[in-house]
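Reading the structure
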Amino acid sequence: MRYVPAVMLFFAALLTGCASLRVPSGGAYPFRASFDGSAFIQGQTIPLDGALSIPAEGRGFAQIYGPGGIAAFTLDITEDRARLYNLWGKQIDEYSFPGDQFIGLIAGIPPRSRYIWKRSADGGSSVTYSWGNLLIDEDALPRELHVRSTPPLDVSFAGKGRTITLMMTRGSDKVGITLTVIEGGRWNKPAGSGAEGGL
């Protein structure tokens, strides 16, 4: 019986996470990039051309351009909500979205939330969170993201210099985009600028 408090404390630490990844984020924000690609959503292929801006952690927006370069759609992400607006600025949809967890990945910043487990994997690390798993390279840049949801969300990142390729799959929906970095981010940082686990 005298070990019950210690065991409870151990389980509480596991549930809340043990440490968080710390990476230098100086110069990563604001992050701005143009993008092009395509999406296959609900059986339809949609060409994508636009730009995105992440002024700070947990906040960002993207615009998808229509003919003539007019912003046909705008996606505004603020911490835990993503709002979609049409050409005239009318909100047409709203989603629950943990922007504070994921939006920084586009700029090369891993989530700051506490992780449960971290182990070496393929020249980098596999980091397990309560919501899923993140694979990072030796410089703590994201390579793969797997979110436990229904259906699961899987994202792969391939960064080379100022070009980042993202492939996202959620159920039968697929999105592939190539970003060209205009400003900020950690993708073009020298080797050895990786993460440390810390409390």
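Here the residue numbering is sequential within each chain, running from 1 through the sequence in written order. Whole-chain, interface and lining totals are the exception, using all residues; otherwise, since this is a predicted model, local features are given only for residues with pLDDT of at least 70 and side-chain atom pairs are given and counted only at 80 or more. Side-chain numbers come from the whole structure's heavy atoms, not from hydrogens or water.

1. Overview of the confidence of the model for the protein
Per-residue confidence from the predictor is reported as pLDDT, a score between 0 and 100. Across the protein, the average pLDDT comes to 84, with 85% of residues at or above 70. Across the protein, the element-wise mean pLDDT spans from 44 in helix H1 (residues 4-16) up to 95 in strand S15 (residues 173-183). Contacts between residues were defined by any pair of non-hydrogen atoms, one from each residue, lying within 4.5 Å. Taken together, the stretch residues 4-17 has pLDDT below 50 and engages in six contacts with residues farther than four places along the chain or on a different chain. Secondary structure elements follow DSSP: runs of H or I of four or more residues count as helices, runs of E of two or more count as strands, with numbering from the N terminus.

2. Concerning the pattern of salt bridges
Salt bridge, as applied in this entry: a Lys or Arg side-chain nitrogen positioned within 4 Å of an Asp or Glu carboxyl oxygen. One pass over the full model with this rule turns up five salt bridges. For glutamate 183, the salt bridge is made with arginine 32, and the minimal N-O distance between the two is 2.8 Å. Taken together, the positions of glutamate 183 in strand S15 and arginine 32 in strand S2 (residues 31-41) put the pair 151 residues apart, joining distant regions of the chain. Relative accessible area serves as the criterion here: at 31%, glutamate 183 is assigned to the partly exposed category. Per-residue accessibility, obtained with a 1.4 Å probe over protein chains only, is compared with the maximum for each type, and a residue is labelled buried under 20%, exposed over 50%, and partly exposed between these values. Given the relative accessible area of 36%, arginine 32 is considered partly exposed.

3. Describing the layout of surface pockets
Computed from the structure, the largest pocket encloses a volume of approximately 1,700 Å³. Grid points spaced at 1 Å and placed over the protein atoms alone form the basis of the search, with a cavity being a set where a 1.4 Å probe fits but cannot get out and a pocket an open set showing protein on both sides within 12 Å along at least five of seven lines. Lining residues have an atom within 4 Å of a point. In terms of lining residues, the largest pocket is bounded by 42 residues, among which Ile41, Leu75, Phe97, Met168 and Val175 are the most central. When residues of the lining of the largest pocket are assigned to their parent elements, the largest contribution, seven residues, is made by strand S3 (residues 44-56). Residue polarity is assigned by list, with Asp, Glu, Lys and Arg as charged and Ala, Val, Leu, Ile, Met, Phe, Trp, Tyr, Cys and Pro as nonpolar; anything else, Gly included, falls into the polar class. Its residues assigned to classes, the lining of the largest pocket comprises 32 nonpolar, eight polar and two charged. Grid points are joined across faces, edges and corners, and a volume is the space filled by probe spheres set on the points.

4. Some words on the packing of aromatic side chains
Only centres within 6.5 Å qualify two rings of Phe, Tyr or Trp (six-membered ring in Trp) as a pair; their planes then separate them into stacked at under 30 degrees, edge-to-face at over 60, and tilted for everything else. Under the counting rule described, the total for this entry stands at four aromatic pairs. Taken together, a centroid distance of 4.8 Å and an interplanar angle of 80° make the contact between phenylalanine 102 and tryptophan 131 edge-to-face. In this pair, phenylalanine 102 sits in helix H2 (residues 99-106) while tryptophan 131 sits in the loop between strand S10 (124-128) and strand S11 (132-137), placing the two residues 29 residues apart along the sequence. Residue tryptophan 131 is classed as buried on the basis of its relative accessible area of 16%. On the numbers, 6.4 Å between centres and 20° between planes, the contact of phenylalanine 157 with tryptophan 187 is stacked. In this pair, phenylalanine 157 sits in strand S13 (residues 153-160) while tryptophan 187 sits in the loop between S15 and strand S16 (196-198), placing the two residues 30 residues apart along the sequence. Residue phenylalanine 157 is classed as buried on the basis of its relative accessible area of 10%. Following the ring pairs from residue to residue traces out a cluster consisting of Phe102, Tyr115, Tyr129 and Trp131.

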